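Single-letter residue listing:
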Protein chains: 4
Amino acid sequence: MADKHYVLFEEQQKDRGINLDEVKEKLRTIKIETPSWGYGDSGTRFKVFQQEGVPRDPFEKIEDAAQVQKHTGISPGVAIHIPWDYVDDFTKLKAHAEQHGVHLGAVNPNLFQDDEYKFGSVTNSDPDIRRKATDHLLECVDIAKTVGSKELSLWFADGTNYPGQADIRKRKHWMYECLSEMYNALDEDMRMLIEYKFFEPAFYHTDLADWGMSYNMAQKLGPKAEVLVDTGHHPQGTNIEHIVAYLLDEKRLGGFHFNSRKYADDDLFAGSLNPYELFLTFYQIVSALYDEDAGVQKNAKSIAYMLDQCHNLEAKIPAMIRSITNVQTLYAKALLINLDEVQQAQEKQDVLAAEHAVRKAFEFDVTPLLRVVREEMGVPADPMAAYLESEYGEKILKRGKGGASW
Amino acid sequence: MADKHYVLFEEQQKDRGINLDEVKEKLRTIKIETPSWGYGDSGTRFKVFQQEGVPRDPFEKIEDAAQVQKHTGISPGVAIHIPWDYVDDFTKLKAHAEQHGVHLGAVNPNLFQDDEYKFGSVTNSDPDIRRKATDHLLECVDIAKTVGSKELSLWFADGTNYPGQADIRKRKHWMYECLSEMYNALDEDMRMLIEYKFFEPAFYHTDLADWGMSYNMAQKLGPKAEVLVDTGHHPQGTNIEHIVAYLLDEKRLGGFHFNSRKYADDDLFAGSLNPYELFLTFYQIVSALYDEDAGVQKNAKSIAYMLDQCHNLEAKIPAMIRSITNVQTLYAKALLINLDEVQQAQEKQDVLAAEHAVRKAFEFDVTPLLRVVREEMGVPADPMAAYLESEYGEKILKRGKGGASW
Amino acid sequence: MADKHYVLFEEQQKDRGINLDEVKEKLRTIKIETPSWGYGDSGTRFKVFQQEGVPRDPFEKIEDAAQVQKHTGISPGVAIHIPWDYVDDFTKLKAHAEQHGVHLGAVNPNLFQDDEYKFGSVTNSDPDIRRKATDHLLECVDIAKTVGSKELSLWFADGTNYPGQADIRKRKHWMYECLSEMYNALDEDMRMLIEYKFFEPAFYHTDLADWGMSYNMAQKLGPKAEVLVDTGHHPQGTNIEHIVAYLLDEKRLGGFHFNSRKYADDDLFAGSLNPYELFLTFYQIVSALYDEDAGVQKNAKSIAYMLDQCHNLEAKIPAMIRSITNVQTLYAKALLINLDEVQQAQEKQDVLAAEHAVRKAFEFDVTPLLRVVREEMGVPADPMAAYLESEYGEKILKRGKGGASW
Amino acid sequence: MADKHYVLFEEQQKDRGINLDEVKEKLRTIKIETPSWGYGDSGTRFKVFQQEGVPRDPFEKIEDAAQVQKHTGISPGVAIHIPWDYVDDFTKLKAHAEQHGVHLGAVNPNLFQDDEYKFGSVTNSDPDIRRKATDHLLECVDIAKTVGSKELSLWFADGTNYPGQADIRKRKHWMYECLSEMYNALDEDMRMLIEYKFFEPAFYHTDLADWGMSYNMAQKLGPKAEVLVDTGHHPQGTNIEHIVAYLLDEKRLGGFHFNSRKYADDDLFAGSLNPYELFLTFYQIVSALYDEDAGVQKNAKSIAYMLDQCHNLEAKIPAMIRSITNVQTLYAKALLINLDEVQQAQEKQDVLAAEHAVRKAFEFDVTPLLRVVREEMGVPADPMAAYLESEYGEKILKRGKGGASW
């Protein structure tokens, strides 16, 4: 049936002046990393519901991630979290990944689960704790070099719960000092992606609370520092695609942590709520991919796409597959926007026509397109169905309950 | 020094036509329960930082709570959470409380930490799980009868994370069925306080999401069911005091879970952020205490005041004392509002005068008043200082780390 | 081209077990009223940008609305606002509507633009002003009887800007008194739809601030009173579809005011932002249409669908057409949900399958279906294109600038 | 009575180690500009309720502003809005101000009320409109030079209502070009204060949506460009004092537009809602006033304090006086924070003690202090009472209704 649908789809898009070969090429080459910690148990402060079959160590996490890559073909990277994924020999972990058809991706330092970080890590008023935190950052740079990863994703839980608890401005300086040291340890082809978050776990102030604070820090540090946008880390109502366009224009958009939210940092699977917002984000990216400014184009091409979500209730591997295909679906739709048509309407200041030129692309059913793209890539046309039909989900149940968690 | 300050304060308030004796009487008789679980370790989904000296069992929790009562004199009740505070012999726990000068307060069933409640408790599509949940509710009614508590505080984590996950309307009916059974088990002088919450741990829909859903449930159940307002459970911007006034007018305001928040359900200690909001809440209550409608007055007098907060970073007992004194402070200020003055300005539709008649009461420093009230009650004039000077905080350190948590 | 697409679409849906005849029947029979005031000039507090061609009186507004009906076939009703649409002879206005193929719909009293309503209308502490407001409500009931309208849509701007400004509880009683009088004037087959709003123009408290307050008022008044949900009148993050499901279950969902928003009550055209939310709202409605409970079904069938939006920047008539087709599109998608499939997954508590059973319907491109439905109805397959090709938009320019506004 | 109270207050603060002379000096020297447009009629998009006695031209606005200065002594500047305050001869307006004991303050260009700005001013895709907008900015620079004002406050309504409506990145560049031209026209001792706003009147994207965008623009432009913080222009939950501390640390905090809000940009009078937030903002400023870094100190000393609020329901002049005294009150309280005590608790990471060291200052009643400060300044001890007792409010009624509005 896909054939008939695709034939019609192709005809339709050609009539619209869409270069489907280019669209398909882009869909084949996007890469979205999955997070090793997304395969382990997770929950809320109220309860972690353990699932059967959850991986028990970093090696099993990579095996699970390899299933996602096997079925989608666009998630070959696996982000790791240190110390959750700490192993004695990272070359072994790297080799394990490669044997399973994936590679180790962004390295994520963890500066929030040690008792000493109760009042901050790189912002702690105690210089010994800042030293320890910085050493951990440097250790992660080393691990990245060992495993061949070019990105370090930095999220800091640092903040305060009460007015007066700490000196906001001093903390800002301390963080800069620690990050400078880390920055200097990076190779020329490495980069640090600086994440920000509106709140949680800090409930009064968060040291890096918004894109502006991450961006300013990145600017001070230098060109190897960029901003990481987690789609769940903003105040309600924030126009995320505006921030994305802004950072692209400043050539400082490092990457994404995709996930969905309705309220706070709910970490639901990507694309499950408000898919139009994700489409509009990709619209800004696609528009930048074709920008006249080579620097903007270059930034758009180098975005590190990553998932960062929890599957508290749903099965882990299928949820990850759904996220990948959701992101792919919304990217495909954004690629169907006729940018010339949009621009012409914008020039005429015809609001309805300009809006519609964007919106109509969202309405297409891109399933036939994605099936064909996947077949061309040699992965299942329906990744989810193929995974569910495989015996992998059954096989891992023997791991039992009580696997890795964060 | 307190004397001179109080003399001036007294003079000032008498000039304003405030009946200080009545104010003092109200300040002496308000009772604010502390939650047993507020003495244990707590944290966020990212980390629970354990504290030294945390109570290891329900008996030690009560001892800690007794310290708060000893120093404040207005927190003689200790709310308990089942099964966190489950003991083989509740009469023993009750006696222990009484020996320490406190009593067991509201009984809080827990329907969110058993694996079976992953997809809901009283709203679960599986009738066996609903049965189990209802039995737990009934068990809690029994415990309440045993310990002599007249209130059951009901918070349900029930909800869904994704559109389509469950049938919203069916769940509504199932919840009603379970609660009806519980309602029928209550003695005539008992009541169930039905809490609502905007979100968390459910991230798509929460079965009791707002006051309207709790209120409607209470109405269907009957007069022994009332609404419990947790000050951290609303969307941003919600006018909580309006809801309080509304429920008082409907004679269905059961009680409060006090705590502070800036973002979501942050559970910071009461009064620490936006104290004016808490003052305005008490303004509505004070106004109801003097209402012409006897039913409204009666409701205002029967409000169950309770704290429900976490002390993730700060010491437990002092945080509880601060909360109690913060609530007391803001209640005291609200009692200094000259309601006649407010009413006269309202009748003239003089916005600035009416607003000012309320606001000016907030500006008074009520420290001298509270010192005198405490002295009259035989508790320390400065509860926090007195506690910190006591050796209790030191003494309990020998409990070590790893005490009770939720 | 539509043919080939529709053939494939039909085949696809039949394979899924969807009864397309029933879907089409529902799409033909839904009616969405447009608001007369949506054709006039509108703006923000900062500026009203006047458009050329805006209707100059109620008769011209109806002519414009008739264009929307002519091109969409599902918007035969035109809601009116009194006194904006006040005419000496309403039978003449009614006849005018009928001559243009439309009819007068919901009557909307206006209680916020007279100087006397500065401090409230039905909640004003001045009984004369309440009398005046009530008389206006009664006048609107009369107008509704005259023009044959069965619905009165009630939105009150009543509220306060400052704490203490007014007595919240008294205002609640005054409103009830006024609305009771209006309620008693309704014929048996008439109904009043009570709207609520989170804030604006009141900035401290709004007398009917949420669905719970409207619902409680409706309950007190009686069965002819129902709740009106304006999609822009909620706090950020509110799960609107939950409220819709809740009201359907209580058989008190009166109708909708559709529009889009990202921040507050932005009044953008329906479906332009977060279309998935509107789809999920229709999912709840479709589910109720097939409910076992006859009362729920009946409520779902009697929902009054209305638009209430401003077109500050875009052309009025085309914006209205876009809104109608957007609503139609999202309703069509919701009708493609296989409710059995959803239910089966829900019963298995298979979160991913249940979510997907809903979501997949959203992914279909329903353009071919809507083209066919429209052709069957005798309206243009592409309403917007047809309107733009007509000369109507050109013709009305001779009205010039400075037409009706609100 | 003030005496006795002040004697006790003085004793109390000296015991705490507070240097009251310094506090009083700071309270005498703070200056808070009032906005000329705050004396005219204002309202919401639903209705402007006209008041009697509203000034009919810029000269009368200045006379009204002079009343605020006369009674408070700390509001000698009057911000003007062009073209609302456009007069043929600005030297005459300047002289008029001086005759009334005030001076003209920040000049505010208006780029949102001309029909041509419907789709943007400095971001409009039409170069002629950008030219016109830039010319207006340059004209305002000239006016500022003429009247001797050193500040230009820039708020842009520029934004879009729908996705795709305009090219976000191009608009960013256009705005920079226009502002550069303006920047170059500034004298060395002048500065431009760049305001940002979350939303309204734009409902999809606002070109300067947050502090980060204003700050980045200021950085690109040069040292004469700084950020203007309007307290009503943030998403819900935003920690404004954090942004203030951040900008002070970057030495880019230009000034404030004070007002209160519960929901959106409600523009209620300053300090009327959440006074603690304003206190905490002043805490950050006071802390910066004593910073070791001379640049931070200098920034803290050069902050331009301004009101920007609407008085839709309340009388204009008294509302302005209340705002000034509210700001003064909260600044006074912040000056009572013992910064050494805070710092010592912070160094010990004693959360409760640090929080309390800040909070306790908020609890003092500073009325006696302010009475004394005012007496020393030769202004009424109770500015509001003095104004109300004056005949000014009565006198201006003869202006009638229908004065200036914005």
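Bear in mind the structure is a predicted one, so any value in this text is a computation, not a measurement. (Residues numbered from 1 in each chain as written. Chains lettered and ligands numbered in written order. Predicted model: local features only at pLDDT ≥ 70, side-chain atom pairs only at ≥ 80, totals over all residues. Heavy atoms only, no water.)

## Section: the interface of chain A and chain D
- Contact with chain A, which involves 57 residues of that partner, is made by 56 residues of chain D.
- The contact between chain A and chain D buries some 4,600 Å² in all, and 52% of this surface belongs to carbon and sulfur atoms.
- In terms of surface lost to chain D, no three residues of chain A exceed A:Arg169, A:His242 and A:Gln349, which account for 16% of the buried area on that side.
- Inspection of the region where chain A meets chain D yields eight salt bridges.
- Residues A:Glu250 and D:Lys172 are paired through a salt bridge, measuring 2.7 Å at the closest nitrogen-oxygen approach.
- Counting across the chain A and chain D interface gives 32 residue pairs in polar contact (both at pLDDT 80 or more).
- Listing elements by their share of the side of chain A that touches chain D, those giving two or more residues are helix H6 (168-185), strand E7 (205-206), helix H7 (211-221), helix H8 (240-249), helix H9 (275-289), helix H12 (339-347) and helix H13 (351-363) of chain A.
- Examining the composition of the side of chain A that touches chain D, we find that seven residues originate from one element, H7(A), more than from any other.
- Across the side of chain A that touches chain D, the residue classes tally to 24 nonpolar, 20 polar and 13 charged. (Contact = heavy atoms within 4.5 Å. Buried area = accessible area lost by both parts, 1.4 Å probe. Salt bridge = Lys/Arg side-chain N within 4 Å of Asp/Glu carboxyl O. Polar contact = N/O pair within 3.5 Å; in protein donor to acceptor, adjacent residues only side chain to side chain. Helix = DSSP H or I, 4+ residues; strand = E, 2+ residues; numbered from the N terminus. Nonpolar A, V, L, I, M, F, W, Y, C, P; charged D, E, K, R; others polar.)

## Details of the pattern of salt bridges
- Overall, the coordinates contain 144 salt bridges over all chains when judged by the stated rule.
- Put simply, A:Glu151 and A:Arg191 hold a salt bridge, and the shortest N to O gap is 3.1 Å. Of this pair, A:Glu151 sits in strand E4 (residues 151-154) while A:Arg191 is found in strand E6 (residues 191-195), placing the two residues 40 residues apart along the sequence. Neither residue differs from the other here; A:Glu151 and A:Arg191 are each classed as buried.
- Between B:Asp115 and A:Lys401 there is a salt bridge, with the nearest N and O atoms lying 3.5 Å from each other. (Buried < 20%, exposed > 50% of the residue type's maximum accessible area, 1.4 Å probe, protein only.)

## Comments concerning the packing of helix H2 (residues 20-29) of chain C against helix H11 (residues 316-335) of chain C
Residue and element names in this part refer to chain C.
- The geometry of H2 relative to H11 is characterised by a closest axis approach of 10 Å and an angle of 155° between their N-to-C directions. Overall, the two elements H2 and H11 adopt an arrangement that is roughly antiparallel. The interaxial crossing formed by H2 with H11 has right-handed handedness. Seen from H2, the contacting residues are Val23, Lys26 and Leu27; seen from H11, they are Gln328, Tyr331, Ala332 and Leu335.
- Within the contact of H2 with H11, the residues separate by chemical class into five nonpolar, one polar and one charged. (Axes fitted to C-alpha atoms, helices over the stretch in contact; angles between N-to-C directions. Parallel < 35°, antiparallel > 145°, perpendicular 65-115°, else oblique. Left-handed = near helix turned anticlockwise from the far one by under 90°.)

## Some details on the pairing of strand E4 (residues 151-154) of chain C
Residues and elements named next belong to chain C.
- Across the two faces of E4 the burial is the same, with Glu151 and Ser153 and Leu152 and Leu154 all buried.
- Of the pairings in the sheet, the one linking E4 to strand E6 (residues 191-195) comprises four bridges and is parallel in character. Across the sheet, the residue bridging to Glu151 is Arg191, located in E6. (Pairing = 2+ DSSP bridges.)

## Quick look at the UniProt feature "domain: Xylose isomerase-like TIM barrel" (unreviewed entry) in chain A
- Mapped onto this numbering, the UniProt entry annotates "domain: Xylose isomerase-like TIM barrel" (unreviewed entry) at residues 87-266 of chain A.
- Between the first and last C-alpha atoms of residues 87-266 of chain A the distance is 30 Å; the span itself is 39% helix and 18% strand. (UniProt positions renumbered as here; feature names shortened; annotations may be inferred.)

## Quick notes on the relation of the copies chain C and chain A
- Rotating chain C by 180° about the axis while translating it 0.0 Å along that axis superimposes it on chain A, leaving an RMSD of 0.0 Å. Seen this way, the second copy is the image of the first under a two-fold rotation axis.
- Take the interface residues of chain C: 100% of them recur as interface residues in chain A, which is what a same-surface contact looks like. (Least-squares fit on C-alpha atoms with pLDDT ≥ 70 in both.)

## Details of the environment of A:Tyr283
- Tracing the chain through its elements places A:Tyr283 in helix H9.
- Sequence separation between A:Tyr283 and A:Ala245 is 38 residues, and the spatial gap between their C-alpha atoms is 9.4 Å.
- Ignoring anything within four residues of it in the chain, the contact list for A:Tyr283 reads A:Ala334, A:Ile337, A:Leu339, A:Val342, A:Gln346, A:Val358 and D:Gly164.

## Quick word on the packing of helix H9 (residues 275-289) of chain D against helix H12 (residues 339-347) of chain D
Residues and elements named next belong to chain D.
- Put simply, H9 and H12 touch, their axes get as near as 11 Å, and they point 95° apart. With respect to each other, H9 and H12 are oriented roughly perpendicular. On H12, the residues touching Tyr283, Val286 and Ser287 of H9 are Leu339, Val342 and Gln346.
- A per-class count over the contact of H9 with H12 returns four nonpolar, two polar and no charged.

## A few points about the pairing of strand E1 (residues 32-35) of chain D
Residues and elements named next belong to chain D.
- Covered by surrounding structure in E1 are Ile32 and Thr34 together with Glu33 and Pro35, the residues of both alternating faces.
- Looking at chain direction, E1 and strand E10 (residues 304-307) are connected through two bridges and run parallel. Following the sheet pairing, Ile32 is matched in E10 by Tyr305.
- By the bridge criterion, two bridges tie E1 to strand E2 (residues 77-82) in an arrangement that is parallel. Its bridge partner lying in E2, Thr34 is registered against Val78.
- Regarding the hand of the β-α-β motif, the stretch spanning E1, helix H3 (residues 58-72) and E2 is right-handed. (Right-handed = clockwise from strand over helix to strand, strands pointing away.)

## Examining the relation of the copies chain A and chain D
- For the pair chain A and chain D, the superposition axis carries a translation of 0.0 Å, the fit reaches an RMSD of 0.0 Å, and the rotation angle comes to 180°.
- Both copies contact each other with a shared surface, as 98% of the interface residues of chain A are interface residues in chain D too.

## Some remarks on the environment of B:Val102
All names here are of chain B.
- Residue position: Val102 is located in the loop between helix H4 (90-99) and strand E3 (103-109).
- Overall, Val102 belongs to the buried group, its relative accessible area being 3%.
- Taking C-alpha positions, Val102 is 9.5 Å from Gln67, a pair spaced 35 residues apart along the chain.
- Contact partners of Val102, with chain neighbours within four places excluded, come to Ile62, Ala65, Ala66, Gln69, Ser75, Pro76, Val78 and Ala97.

## Considerations on the interface of chain C and chain A
- At the junction of the two partners, chain C supplies 39 residues and chain A supplies 39 residues.
- Surface buried jointly by chain C and chain A totals about 3,300 Å² across both partners, of which 56% is contributed by carbon and sulfur atoms.
- On the chain C side of the interface with chain A, the three residues burying the most area are C:Leu8, C:Arg322 and C:Leu352, jointly 18% of the side's total.
- Between C:Glu355 and A:Arg322 there is a salt bridge whose closest N-O contact spans 2.9 Å.
- For the interface between chain C and chain A, the tally reads ten residue pairs in polar contact (both at pLDDT 80 or more).
- Taken together, the elements giving at least two residues each to the side of chain C that touches chain A come down to helix H1 (2-15), helix H9 (275-289), H11 and helix H13 (351-363) of chain C.
- The leading source of residues in the side of chain C that touches chain A is H13(C), at seven residues.
- By residue class, the composition of the side of chain C that touches chain A is 15 nonpolar, twelve polar and twelve charged.

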